[in-house]
Amino acid sequence: MMIENNFISNYCLIRNNSVFLNGETLYTFENPLNYNDFIKTAFKSQQITYPKFYKMDNLCKLGFLTNELLLKNSNIREYEKNEIAVIILNSSSSLDTDMNYYETIKDKSNYYPNPSLFVYTLPNIMLGEICIRNGFKGENMLLISQKFNPVLLTTTVNDLLNNNKSKCCIAGWVEYKRNWEKTFSQNPFYDSFLCFIEKKDKTGKMKIEFNIENINNLYNNKA
Amino acid sequence: MVDVYIASDNIISSLGITSTENFQNCKNGKSGIVLTDDKKLSQTPLYASLINWNIINEMFGKIADNALFTRLERIFILSITDALKQTNIRVSDNNTLLLLSTTKGNIELLEQNGNIHIDKDRLHLWKTADIIQKYFQLSNEPFVVSHACVSGLNAIILASRLIKSKCYENVIVSGGDVLTEFIISGFQSFKAISPRPCKPFDIAREGITLGEGCGTVVLTSNQTLLKDKNKIKILGGGTSNDANHISGPSRTGDGLFYAIDSALKEAAISDKNEIGFISAHGTATSFNDEMESKALKIAGLTKIPVNSLKGFFGHTLGAAGIIESIISIYELKNNILIPTIGYENHGVTENISVIAKVSEKKLQTCLKTASGFGGCNAAVLYSK
């Protein structure tokens, strides 16, 4: 098989009260906000009308907003819905919501399991939310690794694109981790990085090849 | 071009501790679903397919200390041990990867009365994989697929792609979930659990029956590792999303169709009659089974015999795709079609050909599908 080069045409990072799009700081909040306020403020600033956002759990809100920003000025509409893949990795799965759900069942005298919470105890629901919003019907994969794993990410995505399973791919790392020591701490760790990867550089503007080194640099915000 | 084969396999479920034992029970029409009133699982009596933990703990006690491993870790280790026993792959080689599939992993560690010897860090799915990797002294960092009810098939698809792109020669794919109050209460809150053993594709179906288990397949590109004269090959696979609803399947079946179509194209199957049978997801919820019938109609597969194995094993979540793939592979090897336990009267719109009785048929190729929460779908084609 001939190895083809695939390109990153857009990338978005959300972490530490800041949002970065294609290497530029979109905004950063000087006064530390708690996660809830931060993600809602960032969402509202985009003037997106999508009430379902407020029903999502913390992980889905993070992945959803990163994807909204990522695709804002992309040419994704040129692709057929079933040609678009979504591949996301993380470390803590849906453990934040798992703990919230467990609170609803642990006390038998105060037992209130709820299906709209339970459904978010699956990390791939984040992919579902992104696909529903955009109508994407292509390849889907949610993988867990201890840390951000550029090897697994590039291998999986390049395989899809080079074997014509997909024509383009939204791929990256979306991690939301509750502080373990203090179960209800206000200081969770969140770290989201998504790329839009295409088989070839259509615009001629983006020159970032989708490879391990570049992915590492972009993730570390060093590009 | 690299071909991907299944070198060995194992199933641990309510129906036994080896693939052969599980297949034999399916062939004899024996279901693993029982009525339980275990209050640790559910406040009300429940039909479920449960592992005999006395047998598991006794077996596991011979190789390691039960107290140091969770229930899920024990069945992962026992299942992988049995699968590896049947092959000559050297697990310490750096060309072998461990890929786990699970929906909720060690979620029972959330319960305060859990095992005091076990760190809650093992709630992390990667940590579970790390424990299994260390036990087998594998050299590569393992990964986990956690993708609701398609986890098992997605893991087989990913493993097969990693072998085809020559990242690894062998991948040990093991999928497991154990039943806990966490999982059961969630499905109960959805009112998705059947008050009787589940009845896939039947007019009187009332929902799912949950199950627990573990399935392992060792995938390889190295033909010298294959012992069986019937070499089982993975012809292709695909995944998709419905883009419709996070907790309900598509009303049209187009999402599942895309996954099936992707698998068929990769396998270069143009004559659909080459497919001897389909092992569907068939959870026995009203919407799922209806959606599947529509997807099979779009794919032009309504004449192909189709079964659901949920009446034997229940819905084993992260293990389902692997356990059901293994039974399908044994159907191929033995030229036998396993029936859909619980199916009596046709209850889906499209006239799909549900297998109602054990029968013999010369088989070459089969299709396995799955669908789940988040609108996810997956399909894999196997041949001998």
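Residues numbered from 1 in each chain as written. Chains lettered and ligands numbered in written order. Predicted model: local features only at pLDDT ≥ 70, side-chain atom pairs only at ≥ 80, totals over all residues.

## Quick look at the overall build of chain B
Worth spelling out the cut-off: In this description a helix means any DSSP run of H or I spanning at least four residues, a strand means any run of E spanning at least two, and both kinds are numbered starting from the N terminus. Taken over C-alpha atoms, the radius of gyration is set against a globule rule of 2.2 Å times the number of residues to the power 0.38. Working definition of burial: number of other C-beta atoms within 10 Å of the residue's own, with buried at 20 or more, exposed at 12 or fewer, and partly exposed in between, all C-beta atoms being placed from the backbone. Note on contacts: residues are paired as contacts if their backbone-placed C-beta atoms lie within 7 Å.
Of regular secondary structure, chain B possesses ten helices and 16 strands. A compact globule built from 384 residues should have a C-alpha radius of gyration of about 21 Å, and chain B, at 19 Å, falls within 12% of that. When the backbone C-alpha atoms are referred to their principal axes, chain B occupies close to 55 × 55 × 40 Å. Per-residue burial for chain B yields a buried fraction of 63% across its 384 residues. Here the contacts in chain B between residues at least 6 apart in sequence split such that 79% fall between residues at least 24 apart.

## Quick notes on the overall build of chain A
Along the backbone of chain A there are seven helices and eight strands. In terms of overall size, chain A behaves like a compact globule, its C-alpha atoms giving a radius of gyration of 18 Å where 223 residues would be expected to give roughly 17 Å. For chain A, the C-alpha atoms occupy an extent of roughly 60 × 35 × 35 Å along the three principal directions. Across the 223 residues in chain A, those meeting the buried criterion constitute 47%. Pairs at least 24 residues apart make up 71% of the contacts formed inside chain A by residues separated by at least 6 positions.

## Considerations on the interface of chain B and chain A
Condition: Under the scheme applied, nonpolar residues are Ala, Val, Leu, Ile, Met, Phe, Trp, Tyr, Cys and Pro; charged residues are Asp, Glu, Lys and Arg; polar residues are all the others, including Gly. Two strands are said to pair when DSSP picks up at least two bridges between them.
Between chain B and chain A, the contact holds 40 residues from the first and 41 residues from the second. Sorting the residues of the side of chain B that touches chain A by element identifies α4 (125–136), β5 (143–145), α5 (151–164), α6 (181–189), β9 (233–241) and α7 (254–267) of chain B as the ones contributing at least two each. Per-element accounting of the side of chain B that touches chain A gives the leading share, five residues, to α6 of chain B. Tallied by class, residues from the side of chain B that touches chain A come to 19 nonpolar, 19 polar and two charged. By the bridge criterion, two bridges tie strand β5 (residues 140–144) of chain A to β5 of chain B in an arrangement that is antiparallel. Bridged to I144 of chain A within β5 of chain B is V144 of chain B.

## Quick look at the domain arrangement of chain B
Often the size quoted for an interface is simply the accessible area lost on bringing the parts together. Residue and element names in this part refer to chain B. What counts, and what does not: Throughout the structure description, domain borders are defined by an automatic or database domain assignment.
Each assigned domain of chain B is listed here: domain 1 (4–225) and domain 2 (233–383). Here the C-alpha centre of domain 2 lies 20 Å away from the C-alpha centre of domain 1. Taken together, the contact between domain 1 and domain 2 spans 59 residues of the former and 53 residues of the latter. At the level of elements, β1 (4–12), α1 (19–27), β3 (46–49), α5, β6 (170–177), β7 (210–211) and β8 (213–220) are the ones that each hand at least two residues to the side of domain 1 that touches domain 2.

## Focus: unusual backbone geometry
If you check the backbone angles, N17 of chain A has positive phi at about 65° while not being a glycine. Its location among the elements puts N17 of chain A in the loop between β1 (7–15) and β2 (18–21). The phi angle at Q137 of chain B is positive, at roughly 55°, despite the residue not being glycine. Structurally, Q137 of chain B is set in the loop between α4 and β5. The exposure class of Q137 of chain B is exposed, given the 8 C-beta atoms found within 10 Å.

## A closer look at the sheet that holds β7 of chain B
Hydrogen bonds along the backbone pair up the strands of a sheet, which may run parallel or antiparallel. Residues and elements named next belong to chain B. Taking strand neighbours across the sheet as the criterion, the three strands line up as β2-β3-β7 in an open arrangement whose pairing is mixed. Across the chains shown, the open sheet's two edge strands, defined by having one partner strand only, are β2 (33–36) and β7. Pairing geometry for β2 and β3, over four bridges, is antiparallel. Bridge assignment links L35 to a residue of β3, and that residue is Y47.

## Focus on the pairing of strand β10 (residues 275–279) of chain B
All names here are of chain B. What counts is decided by this rule: Handedness rule for crossovers: strands pointing away from the viewer, path from the first strand over the helix to the second running clockwise, crossover right-handed.
In terms of residue burial, β10 counts as a mostly covered element, since five of its five residues are buried. Bridge count between β10 and strand β15 (residues 365–372): four bridges; the pairing is parallel. Following the sheet pairing, S279 is matched in β15 by K368. Handedness of the β10-helix α8 (residues 286–298)-strand β11 (residues 305–307) crossover: right-handed.

## Considerations on the environment of K272 of chain B
Looking at where K272 of chain B falls in the secondary structure, it is placed in the loop between α7 and β10. Once residues within four sequence positions are removed from consideration, K272 of chain B is found in contact with G300, L301 and I304 of chain B.

## Some points on helix α7 (residues 212–219) of chain A
Residue and element names in this part refer to chain A. We count it as follows: To be clear, the arc concerns the directions from the helix axis to the C-beta atoms.
Of all the positions in α7, only I215, L218 and Y219 are classed as buried. All buried residues of α7 project into a common sector of 100° when viewed along the axis, lining one side. Against β1, α6 (150–162) and β7 (189–198) lie the buried residues of α7. N221 occupies a position one or two residues after α7 and carries a positive phi of about 60°.

## Structural notes on the nonpolar core
Operational definition: Here, a nonpolar core means buried Ala, Val, Leu, Ile, Met, Phe, Trp, Tyr and Cys residues linked by C-beta atoms lying within 7 Å of one another.
One finds I197 of chain A together with L99 of chain B to be the most contacted residues of the largest nonpolar core, which totals 195 residues. A domain-level breakdown of this core finds at least three residues from each of domain 1 (4–225) and domain 2 (233–383) of chain B. In this structure, L99 of chain B is in contact with P142, F143, V145, A155, L158, A159, V171 and V173 of chain B, ignoring residues within four places of it in sequence.

## Some points on the packing of α1 of chain B against helix α10 (residues 320–334) of chain B
Residue and element names in this part refer to chain B. Note the threshold: Each axis is a line fitted through C-alpha atoms, taken for helices only over the stretch in contact, and angles between the N-to-C directions span 0 to 180 degrees. Our angle categories are set so that under 35 degrees counts as roughly parallel, over 145 as roughly antiparallel, 65 to 115 as roughly perpendicular, and the remainder as oblique.
Axis separation between α1 and α10 bottoms out at 10 Å; the angle between their running directions is 75°. In terms of axis orientation, α1 runs roughly perpendicular to α10. Residue-level inspection shows S19, N22, F23 and C26 of α1 in contact with α10, the latter providing I326, I327 and Y330. For the contact of α1 with α10, the class distribution of residues is five nonpolar, two polar and no charged.

## Some remarks on the packing of α6 of chain A against α7 of chain A
Residue and element names in this part refer to chain A. How we decide: Each crossing gets its hand from how the near helix is turned against the far one by less than a right angle, where anticlockwise is left-handed and clockwise is right-handed.
Packing of α6 against α7 brings their axes to within 9 Å, and their N-to-C directions diverge by 125°. On the basis of the axis angle, α6 is oblique to α7. The handedness of the crossing between α6 and α7 is right-handed. Between α6 and α7, the residues in contact are P150, V151, L153 and T154 and I212, I215 and N216, respectively. Tallied by class, the residues present in the contact of α6 with α7 amount to five nonpolar, two polar and no charged.

## Notes on the environment of V358 of chain B
Residue and element names in this part refer to chain B. Structurally, V358 is set in the loop between β13 (353–354) and β14 (359–360). Here the alpha-carbon distance between V358 and L337, two residues 21 residues apart in the chain, equals 5.6 Å. Those residues within four positions of V358 in sequence are excluded, and the remaining contacts are K27, G29, I336, L337, I338 and P339.

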